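So the chains spell out like this:
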Amino acid sequence: MKEQPHHATLDLIEMRRQLTALRSKHSGNLPITSLLNRFLVKIAFLAEPRDLAHEQYLRSEFERTLTKVKEIAARAKSD
């Protein structure tokens, strides 16, 4: 999954698409699907961020979620 560029407007539809694809890819890994579901719930009804601070928060949470997914997947491979 790709991180969204900081200079572009936050595209919540693309973010949801990426999270859904990632969830499908790791459908057998409950910690990953649970993490992604929690974030999807946070953004499910948003049409756009409320302001710049909210946009920065969502972007940061998205990047943090992707990092956690990579960490969980790496641990699962080493088990």
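Residues numbered from 1 in each chain as written. Predicted model: local features only at pLDDT ≥ 70, side-chain atom pairs only at ≥ 80, totals over all residues. Heavy atoms only, no water.

Visitor: Any chance you could explain the environment of I43 here in plain terms?
Guide: Within the secondary structure, I43 is located in helix α2 (residues 30-43). For the pair I43 and R75, spaced 32 residues apart in sequence, the C-alpha separation works out to 27 Å. With sequence-adjacent residues up to four places away left out, I43 is seen in contact with M15, R16, L19 and L58. (Helix = DSSP H or I, 4+ residues; strand = E, 2+ residues; numbered from the N terminus. Contact = heavy atoms within 4.5 Å.)

Visitor: For this particular structure, what's the right way to read the packing of helix α1 (residues 12-25) against α2?
Guide: The angle between the axes and the distance between the axes are what describe a pair of packed helices. Interhelical geometry of α1 versus α2 gives an angle of 160° and a closest axis separation of 10 Å. Classified by the angle their axes make, α1 and α2 are roughly antiparallel. In the crossing of α1 with α2, the sense of the turn from one axis to the other is left-handed. For the pair α1 and α2, the contacting residues are M15, R16, L19, T20, L22 and R23 in the first and T33, L36, N37, F39, L40 and I43 in the second. The class makeup of the residues in the contact of α1 with α2 is seven nonpolar, three polar and two charged. (Axes fitted to C-alpha atoms, helices over the stretch in contact; angles between N-to-C directions. Parallel < 35°, antiparallel > 145°, perpendicular 65-115°, else oblique. Left-handed = near helix turned anticlockwise from the far one by under 90°. Nonpolar A, V, L, I, M, F, W, Y, C, P; charged D, E, K, R; others polar.)

Visitor: Is there a simple way to think about α1 in this case?
Guide: An α-helix turns once per 3.6 residues; consequently, residues spaced three or four apart project the same way. Look at α1: 20 Å from first C-alpha to last across 14 residues, which is about the 20 Å you get at 1.5 Å a residue. Buried residues in α1 make contact with α2 and α3 (52-78). The N-terminus of α1 is capped by D11, whose side-chain oxygen sits 3.2 Å from the backbone nitrogen of I13. (Expected span 1.5 Å × (residues − 1). Polar contact = N/O pair within 3.5 Å; in protein donor to acceptor, adjacent residues only side chain to side chain.)

Visitor: Even after reading the chapter, I still don't get α2, so can you show me in this structure?
Guide: An ideal rise of 1.5 Å per residue puts 20 Å on 14 residues; α2 measures up with 20 Å between its terminal C-alpha atoms. Among the residues of α2, those classed as buried are I32, T33, L35, L36, F39, L40 and I43. Buried residues of α2, seen end-on, are gathered within an arc of 160° and therefore sit on one face of the element. In this structure, α2 carries L30 and V41 as exposed residues pointing more than 90 degrees from its buried face. Tucked inside the fold, the buried residues of α2 contact α1 and α3. (Buried < 20%, exposed > 50% of the residue type's maximum accessible area, 1.4 Å probe, protein only. Arc of directions from axis to C-beta.)

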